[in-house]
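Structure at a glance
Spelled out from the first residue to the last, the chains are:
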Amino acid sequence: MIMTQSHWILCSSVLFALACTNDAFVPSLHTKSPLTGRVTLYSSGGGGGSAEEKLRQELKENNDAIEVKDEMQYAQADGAYLERLDSANESIEKDAVAQATADSSKTQQSVTIHSTSSSVLAQQIERMTKPRAYPLFLAEKAAEFVEATYKDVVHTFAAPDPYRVSNGNSQKERIVILGSGWGSISFLKDIDTDLYDVTVVSPRNHFVFTPMLAGASVGTVEFRSICEPIREINLKANYLEAIATDIDTEKKIVSCESVFCEGNSCAIEDFSIPYDRLIVTVGAQTNTFGIPGVRERCNFLKQIEDARRIRASIVNCFERANLPGLSDEEREQNLTFAVIGAGPTGIEFAAELRDFVEQDGPKYYPRLLKYVRIKIIEASSTVLAPFDKSLQEEAILQMNKSVLIKDPEVRNLLPERFKLTELLLDSSVKEVGEDTIFLNDGTKVPYGMAVWAAGNGPLPITLSLIDKMGEEQTKQQDVARGRLAIDPWMRVIGSEGQILAFGDCSCITAGQLPATAQVASQQGEYLANLMNRKYEFSPPRSEDGIFPPPKKDPVRTESSFSDAIASFAINNSEYAKPFQFLNLGILAYTGGGSALAQVTPAPNAESIKGTGKIGNAVWRSVYLSKQVSWRNRLLVLNDWTKRQLFGRDVTRI
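Small disclaimer: the values here were computed from a predicted structure and weren't measured.

Quick look at the sheet that holds strand β15 (residues 373-377)
Spatial strand order, β16-β15-β14-β20: four strands in an open sheet with parallel pairing. If you trace the sheet from one side to the other, it starts and ends with β16 (421-424) and β20 (449-452), each paired once. The mean angle between the axes of side-by-side strands here comes to 15 degrees, regardless of whether they run parallel or antiparallel. Direction of pairing for strand β14 (residues 336-340) relative to β15: parallel, over a ladder of five bridges. Across the sheet, the residue bridging to A338 is K375, located in β15. Against the sheet, helix α16 (residues 389-400) touches β15 and β16, its axis set at about 135 degrees to β16.

Here's the deal with the environment of T474
When you line up the elements, T474 lands in helix α19 (residues 471-474). C-alpha separation for the pair T474 and L484, spaced ten residues apart in sequence, amounts to 9.5 Å.

Some words on the pairing of strand β10 (residues 253-262)
Taken together, the five bridges between strand β9 (residues 243-248) and β10 define a ladder with antiparallel strand orientation. The residue bridging D246 from the neighbouring strand is S255, located in β10. When β10 meets strand β11 (residues 265-274), the two strands line up antiparallel, connected through ten bridges. Residue S255 lies in a different strand from β11, and its bridge partner there is S272.

Some remarks on the packing of helix α12 (residues 304-321) against helix α14 (residues 344-359)
For the pair α12 and α14, interaxial distance at closest approach is 13 Å and the crossing angle is 40 degrees. By the angle between their directions, the pair α12 and α14 is classed as oblique. As for the relative orientation of α12 and α14, their crossing is right-handed in sense. The residues of α14 that touch α12, namely those facing I310, I314 and F318, are F349, L353, F356 and V357. When the residues that make up the contact of α12 with α14 are grouped by side-chain class, the tally is seven nonpolar, no polar and no charged.

Remarks on the packing of aromatic side chains
When we look at a pair of aromatic rings, we describe it by the centre distance and by the angle of the planes. Following the criterion strictly, the structure yields 14 aromatic pairs and no others. When the centroid spacing of 5.5 Å and the interplanar angle of 70 degrees are considered together, the rings of Y526 and F579 count as edge-to-face. Of the two residues, Y526 is situated in helix α21 (residues 517-532) and F579 in the loop between α22 (561-570) and β25 (586-591); the sequence distance between them amounts to 53 residues. Relative accessible area serves as the criterion here: at 9%, Y526 is assigned to the buried category. Cation over ring: R620 sits above W640, and NZ or CZ is 4.4 Å from the ring centre. A cation sits over an aromatic face here: R633 above W630, 4.8 Å from the ring centre.

So, how was this worked out
Residues numbered from 1 in each chain as written. Predicted model: local features only at pLDDT ≥ 70, side-chain atom pairs only at ≥ 80, totals over all residues. Heavy atoms only, no water. Pairing = 2+ DSSP bridges. Helix = DSSP H or I, 4+ residues; strand = E, 2+ residues; numbered from the N terminus. Axes fitted to C-alpha atoms, helices over the stretch in contact; angles between N-to-C directions. Contact = heavy atoms within 4.5 Å. Parallel < 35°, antiparallel > 145°, perpendicular 65-115°, else oblique. Left-handed = near helix turned anticlockwise from the far one by under 90°. Nonpolar A, V, L, I, M, F, W, Y, C, P; charged D, E, K, R; others polar. Phe/Tyr/Trp six-rings, centres within 6.5 Å; stacked < 30°, edge-to-face > 60°. Buried < 20%, exposed > 50% of the residue type's maximum accessible area, 1.4 Å probe, protein only. Lys NZ or Arg CZ within 6 Å of the ring centre and 35° of its normal.

By themselves these figures say nothing about function.
Here it is in structure tokens:
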């Protein structure tokens, strides 16, 4: 196989970068076996680790890149970030809000119900997709919990050879899962691998507890403490460390690329895998809204690599500011940390960074603290858009509070009216320069490090799959906006049930849900339960062209008490219940041992709110309990204890 143009560009850039940084490196590039399509990079220096790391990074960037016009068109803002952008961006946000609040008669089209259709099936689907009565829904969830607990106990004591891995040669239905995020892991934990041959494809061989990435980026917890290997989550599932680059929906084949190293050489390996049913849960990437300089100069906070890069950059800013010969202005610029976006990610990172400055700064950098500034730039007029207004105001108070330094000698080194954190609300970014952020109102913000936490956008493979799903999928893009439009049973519209999707890369257009870990996790669990009970996901269309919901097989489908409750609630026992989200509340850490907690006990009910130490207790207990394994819980507890006793580690390795 001849190397593709993308391979030549990819490897050439790696060679150039390595040649510029290591004079002893003398690479050569060639293709190996024509059967594998392998592109190899050789290093005469010891080991191929550096080449492997660079190849992986280049491969990721190559498959994450989308055009600026697509970033603008499919912008999914965190909070109300687009409100104050220029007129082009404002129109995007207005369109998104208008589509999100469209009346239910329009959004019901996403489940292929024609408003003029009077068929019995159309009426059944319309009735089924209405929210189930909340008391019945809670009873259903309680029954599911009891059933899952009983199943886990039985499985534990049965112990049926947990090390038998799927080999792809069985007669079981082949399920290929793309992604290793919240939805994928939830599905993987619950899917019955005695019924299905499961393969996971992801460039990341671990799951990341993303809500704690902000803490990992400043050393509050260690990176490995919030990660769990994919292979550990389901020992019977197969895992392939690769990036899915294309999906052939007609032949049911996923094309992949992976970095493979042998000795001193590293290669990009091309291969493809067949599937009977595909599950797309690739998530989303950070959206820069086409603003110049963001992708080149800002740090993101999506992956462990991002947190590691930020952690090194923070220490680098302090060490650079400590060098002799710098003016006060230069030191202040080096120690100005700009956080763009005041949603949960931005606020939690700013809070963790503030804790680092207050708790560890006096020990490591006492004479530099007077130069430190944390500037939170937000396009809207408030912070933490998903929260109640009173909690938003509490978060603003926490961000604006006076700096707390316990050591009196260090405290006396600070100016009289020293302000560590500054909120720049109603301020949108025009451009990110090499050392200055330019706002649309003409303000210039010098900075030493910038973190972009302003919104989500689609991955190229998601956009590619949307194009292949046909007109039915295209019609839903006014609402889905670069996400896969799915029905309430997680089936991608236009795929006839052969492709399923959930999480941030998807959108139930009949009732949009927030792009959160909580939603993705519940969707993965829901889909695994339906598949374990052997519902038919691809029933034939009706005579008037309506695609029915997943249907019960009188012989194969297994019933349960929770299903009986749901069937009663939707007044239908023939089809599977649609997905319904159970809002368990939202949390945000605001620094100084305080956090916000908001729980809504029932739809339209008054929220239960917690702030300060109470909110922090809820935040810590929930985040600890939601860890994937007891290993993670113990590691996180150990990190919190270690930080309390010895402080954060500022070692750069």
